[in-house]
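Summary of the model geometry
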Amino acid sequence: MSATPSTAAAKAELLSEALPFIQSFFDKTIVIKYGGNAMTEERLKESFARDVVLLKLVGMNPVIVHGGGPQIGDMLKRIGKQSEFIQGMRVTDAETMDVVEMVLGGLVNKSIVTLINRHGGKAVGLTGKDGWMIRARRMRLPSQEKAGEFVDIGQVGEVAAIDPALVALLDSQDFIPVIAPIGVGEDGAAYNINADLVAGKLAETLRAEKLILMTNTPGVLDKQGGLLSELDAEQVRALIEDGTISGGMLPKVNCALQAVRNGVKASHIIDGRVEHALLLEILTSEGVGTLIKRA
């Protein structure tokens, strides 16, 4: 069935409104943390892949960093290994790290690559071990029981440094990098790193135009549950101090804020449960989440 003239005109108007955003972000790097419902619901997976391919086709350089915590938990359960968490961090012994690498670097990473390629993109799957791209150091988790002491949670890491050369090379050849957040230590050991942290540090290193963190919430909310569509660094600090920003949103906001303080033009915390959330955030003036900027 063909579109009615009014429907066609509405579509043309939407495309016309996107033009200044396409021009503004042409040849700019956009780092996207992909996770949550957007990575598990078929409808949202398809819209995400189409969005990424479209962004590349109109001249932007999307770089994907993905999570996979639930998938790791499922695989550990299948092999009869109990997941253990301390202060929200997964305890990662050598056996668990093997599963992390298999799930993140294999199953999850390659499924995202396949999805993007099926929609016409040229995605390439990587982990931070490839080309020593993500240098890691072991995370020192402060003990909540004994001051000055630390808890050993195994092969859980922090980002020590990122070499952007491999990502830059792929971007220059019109490939879409899809990166699993696994780093490598000086001794060659693998480390599981929080995907938000990897995305933030990668955005800083690449001097990205935007860092986009896809979540399972509408964005940053006020005390009444209303969406705060735009915040600067001072407003974020005040909201943290008065307890408005807390819990699981706190590390995401801190990651977004640190990125803009270190050179990223803008960070966005968006609702990954919304179809075509990426296009709505990047190519429209309304957006679907919270924009965080320096000032």
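Since the model is a prediction, treat every value here as computed from it, not as a measurement.

Conventions adopted
- Residues numbered from 1 in each chain as written.
- Predicted model: local features only at pLDDT ≥ 70, side-chain atom pairs only at ≥ 80, totals over all residues.
- Heavy atoms only, no water.
- Buried < 20%, exposed > 50% of the residue type's maximum accessible area, 1.4 Å probe, protein only.
- Helix = DSSP H or I, 4+ residues; strand = E, 2+ residues; numbered from the N terminus.
- Pairing = 2+ DSSP bridges.
- UniProt positions renumbered as here; feature names shortened; annotations may be inferred.
- Axes fitted to C-alpha atoms, helices over the stretch in contact; angles between N-to-C directions.
- Parallel < 35°, antiparallel > 145°, perpendicular 65-115°, else oblique.
- Left-handed = near helix turned anticlockwise from the far one by under 90°.
- Contact = heavy atoms within 4.5 Å.
- Nonpolar A, V, L, I, M, F, W, Y, C, P; charged D, E, K, R; others polar.

1. A word on the pairing of strand β13 (residues 210-215)
Two faces, one strand: in a regular strand the side chains alternate between the faces of the sheet. With six of six residues buried, β13 lies mostly within the body of the structure. Neither face of β13 is open: one carries Lys210, Ile212 and Met214, the other Leu211, Leu213 and Thr215, and all of them are buried. Bridge count between strand β1 (residues 29-34) and β13: four bridges; the pairing is parallel. Bridging across to β13, Val31 finds its partner in Leu211. Note: β13 against strand β15 (residues 266-271), six bridges, orientation parallel. Bridge pairing links Ile212 to His268 in β15.

2. Things to note about the UniProt feature "domain: Aspartate/glutamate/uridylate kinase" (unreviewed entry) in the protein
UniProt marks residues 28-271 with the feature "domain: Aspartate/glutamate/uridylate kinase" (unreviewed entry), using the numbering shown here. Between the end C-alpha atoms of residues 28-271 the distance is 22 Å, and the span holds 38% helix and 25% strand.

3. Topic: the packing of helix α7 (residues 233-241) against helix α8 (residues 249-261)
At a closest axis distance of 11 Å, the pairing of α7 and α8 adopts a crossing angle of 155°. One element, α7, and the other, α8, form an angle in the roughly antiparallel class. When the axes of α7 and α8 are compared, the crossing they make is left-handed. In this structure, α7 contributes Ala233, Val236 and Ile240 to the contact, and α8 contributes Leu250, Val253, Asn254, Leu257 and Arg261. Of the residues that constitute the contact of α7 with α8, the class distribution is six nonpolar, one polar and one charged.

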